[in-house]
Amino acid sequence: MENIVSFVLKVASRCNLNCSYCYMYNLGDKTYLSQPKFMSMETITVFAQKLHTYCQEKKARYVQIVFHGGEPMLWGKENYKQAIEIFTTIVKDVDFGFAMQTNGVSLTHDWYKLFKELNIRVGISMDGPKEHHDRYRVFHNGKGSYEKVVKAIELGKQYGMSNILSVVNLNISPSEFYQEVKNLGVPSFNLLLPDGHYDNLPDSFEKLKVNTLHHTPYADWLIEIFEIWKADSDRPMIRFFRTLIELIMGEQTGDQMVGRLTNGVAVLETNGALEVSDSIRACYEGITRNDLNIHTHSIDDLYNDPLFEVFFHSHNMVNDTCLTCPIYDICGGGFLGNRYSNEEGFDNPTIYCHDMIKLVSHIQNDIVNSLPDEVCASLDASEAHYEEIVEELKEISLIKAHDEIKNKLKSFSLVC
C-alpha cells in the first residue's frame, strides 16, 4: 500500500476573506461552524505522536506538512514555533517539508522572517489583475484584497517566496493574466481549474454543452496561455504545464488533478478529525465527514474510510469512458470532485474531460513537432487529434469497470 505523504493541517477554521468561489464557505458546506476556530497544541502533539508511529510502520522518510485553513495566518506566530518544535522533536528519522498556502493579506516582514527561520515555504493565492481579483477575493465588508496581496508578493521576494496560485478565470484574457504574473516577477506559479461538478458547474460552462465537441472554454483559455508562455524566453515555471509535459514524455508524476499516481493527501481538521481532501466538500455538505479523530484513531484507520479509499485511488477508479481514452494515463480521469453528480456520484468523466483532451493533444503535438523524427520514434510519440479522439470515444464499445469499483463510485450519489 502506498503511503499518505502529505498532511494538510487546517489550523484555522475561519478566514479573514470571503472569496465568492471558496469551497469551504461559499459552496454550501457549513460544517466548519461546528468546529473549533483554531487547532490546539494538544491536537498537534497527539498528531505528531501518531505520525511518528505511522512513519515508523510505513518506513516513510519524508512527510509534507501543509498549514492551511480557513486562513492559516490567523493561528499566530507562537503556535507555528511550537508546532515545528513538536514535529521535529517527536517524529524521528523523517525529513519534513513544511509549507503554507495563504491569502497573503496579513504577511509582513516579521511573518516572513519567522517562516524563513522555521523553513516554511509560503504560497500566496492571487487571481489576476486588480479588477478581477477584487471581484472574487474580498474581505467580509466587500472590499477587495488586491493591494494587500500584491504588497505581500513584493515583500515575499526578499525572503524567497516564489510561488503564487491562481484559479482559472475565463473573464480575464489570457494575455492580460499572463502579463499580470510577469509584472509581479515571481519565478513560478500554478493554475487550478475551478471547483465544480455536474450539478454546480463553474462559470462559462453550459449544462447541456458540457463535454461536447465544440464546447471547450477552459482548454481554449489554457492553450492561449500555453502559446504565450512558450514564446516567452524569460518565462516563469507553470507547474500545471510542466506536469502535463512530464506525463506526455512518459514520466511517472502527477497530483490530484492529473496522472495515475495515488492521492497521498489527508486532512487534519481543527478538532482533530481525519478526513479526505477538503476540496471534495464542494460536492455537497458533510460529504467528507466521518467518525475518525486523531485523538481516538490511528492514521492507518483513514484507509478504511470509503470516501478516502475512492479519493486515494481516484486515478485508477474511473468511469468506463476513461478506460478507453488515449490520454487516460495523462489525465488520470481528472480531479475526483469534478466528476461528481447527484445522480451518479463519482461515476462520471470529469466535467473538464473534453477540455483536457483538447489541451493535452495540443501540448503533445507541440512536443512532437519540436523533436526530430528519430527521437519521436524512440519515444513512440505521435501527434494526437482532439476531434478524432472524441469521435473514437463515442464509437468504441466501452470496456466495463469492475462492478465493485462502479458501486464505490456511485455510493456517494444523493439520488438513490
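Structural data are supplied above this passage.
A.B. asks: Please clarify how the pairing of strand 1 (residues 6–10) should be interpreted in this entry.
C.D. replies: For a regular strand, the rule is simple: side chains alternate between the two faces of the sheet. In terms of burial, strand 1 is largely enclosed, as 5 of its 5 residues are buried. Here strand 1 shows no split at all, with Ser6, Val8 and Lys10 on one side and Phe7 and Leu9 on the other all buried. As paired strands, strand 1 and strand 2 (residues 62–68) are joined by 5 bridges and run parallel to one another. By the bridge assignment for strand 2, Lys10 is matched with His68. Here strand 1 runs beside strand 8 (residues 265–268); their pairing, made up of 4 bridges, is parallel. By the bridge assignment, Ser6 is partnered in strand 8 with Val265.

A.B. asks: Just checking my understanding: could you explain the sheet that holds strand 7 (residues 237–238) for this structure?
C.D. replies: Pairing in this open sheet of 9 strands is mixed, and the strands run 7-6-5-4-3-2-1-8-9 from one edge to the other. The open sheet terminates on both sides in strands that have one partner only, identified here as strand 7 and strand 9 (274–275). Sheet analysis places strand 4 (residues 120–125) next to strand 5 (residues 163–167), joined by 3 bridges and oriented parallel. What sits directly across from Gly123, in strand 5, is Asn163. The strands touched by helix 3 (residues 109–118) within the sheet are strand 3 (95–102) and strand 4, with strand 4 carrying the most contacts at an inclination of about 135 degrees.

A.B. asks: I would appreciate a short explanation of helix 2 (residues 77–90) in the present structure.
C.D. replies: At 3.6 residues per turn, the α-helix brings residues three or four places apart onto the same side. Helix length check: helix 2, at 14 residues, gives a terminal C-alpha distance of 20 Å against a target of 20 Å (1.5 Å per residue), a fit within 8%. For helix 2, the full list of buried residues reads Tyr80, Ala83, Ile84, Ile86 and Phe87. Along the axis of helix 2, the buried positions cluster into a sector of 160 degrees, meaning they face one direction only. Each element contacted by the buried residues of helix 2 is listed here: strand 1, helix 1 (41–58), strand 2, strand 3, helix 3 and strand 4.

A.B. asks: What's the story with the packing of aromatic side chains in this structure? I'm lost.
C.D. replies: One pair of aromatic rings is described through two measures. These are the centre distance and the angle between the planes. If you walk through the whole model with that rule in mind, you get 30 aromatic pairs. With 6.3 Å between their ring centres and 15 degrees between their planes, Phe67 and Phe98 make a pair best called stacked. Linking Phe67 in strand 2 with Phe98 in strand 3, this pair joins segments that are 31 residues apart in sequence. For Phe98, a relative accessible area of 5% corresponds to the buried category. Where Phe308 meets Phe311, the ring centres are 6.4 Å apart and the plane angle is 50 degrees; that geometry is what we call tilted. Of this pair, Phe308 and Phe311 are both found in helix 9 (residues 306–312), 3 residues apart, which corresponds to roughly one turn of the helix. With respect to burial, Phe308 and Phe311 carry one shared label: buried. Every member of this aromatic cluster is reached through a ring pair, and the members are Phe7, Phe47, Tyr54, Phe67, Trp75, Tyr80, Phe87, Phe96, Phe98, Trp111 and Phe115.

Cut-offs applied
Residues numbered from 1 in each chain as written. Predicted model: local features only at pLDDT ≥ 70, side-chain atom pairs only at ≥ 80, totals over all residues. Heavy atoms only, no water. Buried < 20%, exposed > 50% of the residue type's maximum accessible area, 1.4 Å probe, protein only. Helix = DSSP H or I, 4+ residues; strand = E, 2+ residues; numbered from the N terminus. Pairing = 2+ DSSP bridges. Contact = heavy atoms within 4.5 Å. Axes fitted to C-alpha atoms, helices over the stretch in contact; angles between N-to-C directions. Expected span 1.5 Å × (residues − 1). Arc of directions from axis to C-beta. Phe/Tyr/Trp six-rings, centres within 6.5 Å; stacked < 30°, edge-to-face > 60°.

These values are about where atoms sit, not about what they do.
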